[in-house]
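Given next are the chains, with one letter for each unit.
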Amino acid sequence: MPNLPDVVLWSIPAFVLLTVVEMVSYRLHPDEDAAGYEAKDAATSLGMGLGSLVFDALWKIPVVAIYTAVYELTPLRVPVLWWTIPLMLLAQDFFYYWQHRGHHVIRILWACHVVHHSSRKFNFTTALRQPWTSLTSWPFYLPMIALGVHPAAVAFCYSVNLVYQFWIHTERVGRLPRPFEYVLNTPSHHRVHHASQGGYLDRNFGGILIVWDRMFGSWVGETERPVYGLTKNIDTYNPLRVATHEYAAIARDLRAARDWRERAGRVLRGPGWQPAPPQAGAPGTPQGGTAPEPAA
């Protein structure tokens, strides 16, 4: 097994220091237009982050078993060397883009990722607001395992990506020089990603690099000030509800669905998908010819 450092563990002191600095900066130099900090919101984000550590430890058991089985079956091997690690990071970032995009456009995956977008604030504690059901992410990295990348190396690359994304959750950093903004995911790009305005929705999925968004048509630059949160906010600081509210909404929609086609759409289509109302005279349509309202 490759001997790779636990970058998340080593980064915790930096997370704490940067968060304190950002909090103090809002005290010393308030910005009325910025989302800033709110005690209950920050506490919820911290609680979600701590909870994710516990649940991720549980989800790792089946994921490691599957990754190990695939790694043993493939004849390919990628050595962990000084020059292969950057290539692994590049590959992981590419697959992260598709993982992230998939978790925005498929509702059952969005039910996991929506946790990270549920805060109406945008600060360093928002980066810690992580889901408790991250078991939905592992299939996106199976190609790396099948190509001979050791599971521990995939985990290392994922951790590096996660640590990088901490610093882009801030309104205290404006736009960077153009070369950085063109290649890297920056606070400006990520503010767009967390915004709830229509033109900003489902944009800027990159982890470390923003070039994937430019290549695959999902990039949008920051123009108007973002409004953070969801299109329908949940108005709760209860970590359990934050972690499960979209799964509960899916269950309600499945109970109200008229047929299996609608049930499949409620799970596998986008979060805002609605079925077409039945045609007049179709089975289930009231005698007056008016179709019932689609389930909310």
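Residues numbered from 1 in each chain as written. Predicted model: local features only at pLDDT ≥ 70, side-chain atom pairs only at ≥ 80, totals over all residues. Heavy atoms only, no water.

Details of the overall build of the protein chain
Helix and strand content of the protein chain: 12 helices and zero strands. Counting only residues that meet the buried cut, the protein chain has 43% of its 296 residues in that class. The contacts of the protein chain with a sequence gap of at least 6 include a subset with a gap of at least 24, amounting to 71%. In the form shown here, the protein chain has an accessible surface area of approximately 15,900 Å², with 67% of it arising from carbon and sulfur atoms. Between the centroid of the 25 positive side chains of the protein chain and the centroid of its 22 negative side chains there is a distance of 4 Å. (Helix = DSSP H or I, 4+ residues; strand = E, 2+ residues; numbered from the N terminus. Buried < 20%, exposed > 50% of the residue type's maximum accessible area, 1.4 Å probe, protein only. Contact = heavy atoms within 4.5 Å. Areas by Shrake-Rupley, 256 points an atom, 1.4 Å probe, with all protein chains shown as cover. Lys, Arg positive; Asp, Glu negative; His and termini not counted. Charge placed at Lys NZ, Arg CZ, Asp CG, Glu CD.)

Looking at the layout of surface pockets
Taken as a whole, the second largest pocket holds about 860 Å³ of empty space. Along the wall of the second largest pocket there are 28 residues; nearest its centre are Trp110, Thr231, Lys232, Glu246 and Pro271. Counting only elements with at least two residues in the lining of the second largest pocket, the list comes to helix H3 (84-105), helix H4 (107-117) and helix H11 (239-256). The element that contributes the greatest number of residues to the lining of the second largest pocket is H11, accounting for six residues. Taken together, the residues of the lining of the second largest pocket sort by class into 12 nonpolar, nine polar and seven charged. (1 Å grid on protein atoms, 1.4 Å probe; cavity = no way out; pocket = protein on both sides within 12 Å on 5 of 7 lines; lining within 4 Å. Points joined across faces, edges and corners; volume = space filled by probe spheres on them. Nonpolar A, V, L, I, M, F, W, Y, C, P; charged D, E, K, R; others polar.)

Considering the packing of H11 against helix H12 (residues 260-268)
It is at 9 Å that the axes of H11 and H12 come closest, and there the two elements cross at 170°. The orientation of H11 with respect to H12, classified from their angle, is roughly antiparallel. When H11 is examined against H12, the residues Ile250, Asp253 and Leu254 are found in contact with a partner set consisting of Arg263, Arg266 and Val267. The residue makeup of the contact of H11 with H12, split by class, is three nonpolar, no polar and three charged. (Axes fitted to C-alpha atoms, helices over the stretch in contact; angles between N-to-C directions. Parallel < 35°, antiparallel > 145°, perpendicular 65-115°, else oblique.)

As for the side chain of Gln92
By the element assignment, Gln92 lies in helix H3. Look at Gln92 and you get buried, because its relative accessible area is 0%. One polar contact links Gln92 to Asn161, side chain to side chain, over a distance of 2.9 Å. Setting aside chain neighbours within four positions, we find Gln92 in contact with Tyr141, Met144, Cys157, Tyr158 and Asn161. (Polar contact = N/O pair within 3.5 Å; in protein donor to acceptor, adjacent residues only side chain to side chain.)

Observations concerning the pattern of salt bridges
As enumerated under the stated definition, the model contains nine salt bridges in all. Between Arg266 and Asp253 there is a salt bridge, and its shortest N-O distance comes to 3.7 Å. In this pair, Arg266 sits in helix H12 while Asp253 sits in helix H11, placing the two residues 13 residues apart along the sequence. Of the two residues examined, Arg266 and Asp253, each falls in the buried class. The salt bridge partner of Glu262 is Arg258, with a shortest N-O separation of 3.9 Å. (Salt bridge = Lys/Arg side-chain N within 4 Å of Asp/Glu carboxyl O.)

So, a nonpolar patch on the surface
Taken together, the side chains of Leu9, Trp10, Ile12, Val16, Val20, Val24 and Leu28 make up a nonpolar region of the molecular surface, amounting to roughly 740 Å² of accessible area. Secondary-structure assignment places Leu9 in helix H1 (residues 7-28). (Patch = residues over 30% accessible without salt bridge, like charges linked within 9 Å, V, L, I, M, F, W, Y side chains within 5 Å.)

Quick notes on helix H2 (residues 39-73)
In this model, H2 (35 residues) spans 50 Å end to end at C-alpha, consistent with the 51 Å of a helix rising 1.5 Å per residue. Here H2 has its buried residues at Asp41, Ala42, Thr44, Ser45, Met48, Gly49, Gly51, Ser52, Val63, Tyr67 and Tyr71. Looking at the buried positions of H2, the neighbouring elements they touch are H4, helix H5 (124-127), helix H6 (142-146), helix H7 (151-166) and H11. (Expected span 1.5 Å × (residues − 1).)

Things to note about H4
With 10 of its 11 residues buried, H4 lies for the most part within the structure. Turning to H4, its buried residues number three or more, namely Arg107, Leu109, Trp110, Ala111, Cys112, His113, Val114, Val115, His116 and His117. Residues of H4 that are buried sit in contact with H2, H3, H5, helix H9 (187-194), H11 and H12.

Considering the side chain of His103
Position of His103 among the secondary structure elements: in helix H3. A polar contact is formed between the side chain of His103 and the backbone oxygen of Gln99, at a distance of 2.8 Å. Polar contacts involving the side chain of His103 include one to the side chain of Thr136, which spans 2.7 Å. Each residue touching His103, except ones within four places of it in the same chain, is listed here: Leu109, Trp110, Cys112, His113, Thr136, Ser137 and Phe140.

Comments concerning unusual backbone geometry
Although it is not a glycine, Asn204 adopts a positive phi angle of roughly 55°. Relative to the elements of secondary structure, Asn204 occurs in the loop between H9 and helix H10 (211-216). Even without being glycine, Asp235 reaches a positive phi, approximately 50°. Along the chain, Asp235 turns up in the loop between H10 and H11.

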